Amino acid sequence: MPEPFPLQPLLDLATNRMDEAARKLGELIASERAVEEKLALLVDYRKEYQARFVEAARNGIGPDAWRNYSAFLLKLDDAISVQQRVVDDSRRRVELGQQAWVDQRNKVKAFDTLSQRHQSQQARKEARQEQKLTDEHAAKQFRDRGQDD
């Protein structure tokens, strides 16, 4: 009977950690998409509001409306700035998540390589044992035939 792979618990642990890293990476990517979409919405809204402001200015607006448009555009710029930082942070977290997954995958590959070597060694060991039994059986039959003569 072949010996079990002695590092199997470590291989299982590394596989579980790789799966967990993949799950977290998926969550990070989904989060990144969401914050990028929010940034795109803010940028689009700012463009639309800027266009309304330009149109209103062409048609002539009072100083209060001018100040309101300008103040709101500044608030939108601030919100865009904040959201851009959120996007940048999210991208960094995705990069770290990708690296964590790659690191875990490399550990799994290393343990898997060791496991495959172990299985090959066990197969060779079994083959040698089978050959030995076959040889012993053939030798016994030869001896038994020699005694009959």
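Residues numbered from 1 in each chain as written. Predicted model: local features only at pLDDT ≥ 70, side-chain atom pairs only at ≥ 80, totals over all residues. Heavy atoms only, no water.

## Some points on the environment of Leu25
Put simply, the rule is: A run of H or I in DSSP counts as a helix once it spans at least four residues, and a run of E counts as a strand once it spans at least two, with each numbered from the N terminus. When accessible area is computed with a 1.4 Å probe and restricted to protein chains, residues below 20% of their type maximum are described as buried, those above 50% as exposed, and intermediate ones as partly exposed. Contacts are assigned to residue pairs that have any heavy atoms within 4.5 Å of one another.
Checked against the element boundaries, Leu25 lands in helix α1 (residues 8-59). Residue class for Leu25 comes out buried when judged on its relative accessible area of 11%. Residues Leu25 and Gly97, spaced 72 residues apart in sequence, show a C-alpha to C-alpha distance of 5.2 Å. Those residues in contact with Leu25 that lie beyond four places of it in its chain are Val94, Gly97, Gln98 and Trp101.

## Things to note about the side chain of Gln83
Structurally, Gln83 can be placed in helix α2 (residues 63-148). For Gln83, a relative accessible area of 7% gives the class buried. With residues near it in sequence (within four places) discarded, Gln83 still touches Val35, Lys38, Leu39 and Leu42.

## Things to note about the nonpolar core
Rule in force here: Residues belong to a common nonpolar core when they are buried Ala, Val, Leu, Ile, Met, Phe, Trp, Tyr or Cys residues joined through side-chain atoms within 4.5 Å.
Val35, Leu39, Leu42, Tyr49, Phe53, Ala56, Tyr69, Leu73, Leu76, Ile80 and Val87 together form the largest nonpolar core, which totals eleven residues. Listed by contribution, the elements that provide at least two residues to this core are α1 and α2. At six residues, α1 tops the list of elements feeding residues into this core. When residues no more than four places from it in sequence are discounted, the contact partners of Ala56 are Ile61 and Tyr69. Judged by nonpolar contacts, the second largest core, of six residues, contains Phe5, Leu11, Ala14 and Met18.

## Some points on the packing of aromatic side chains
Here is the rule: Geometry of aromatic contacts follows a simple scheme: Phe, Tyr and Trp rings, the Trp one being its six-membered ring, pair when their centres are within 6.5 Å, and the pair is stacked under 30 degrees between planes, edge-to-face over 60, tilted otherwise.
Counting across every chain of the model gives six aromatic pairs. One aromatic cluster is present, built from ring pairs that chain together Tyr45, Tyr49, Phe53, Trp66, Tyr69 and Phe72.

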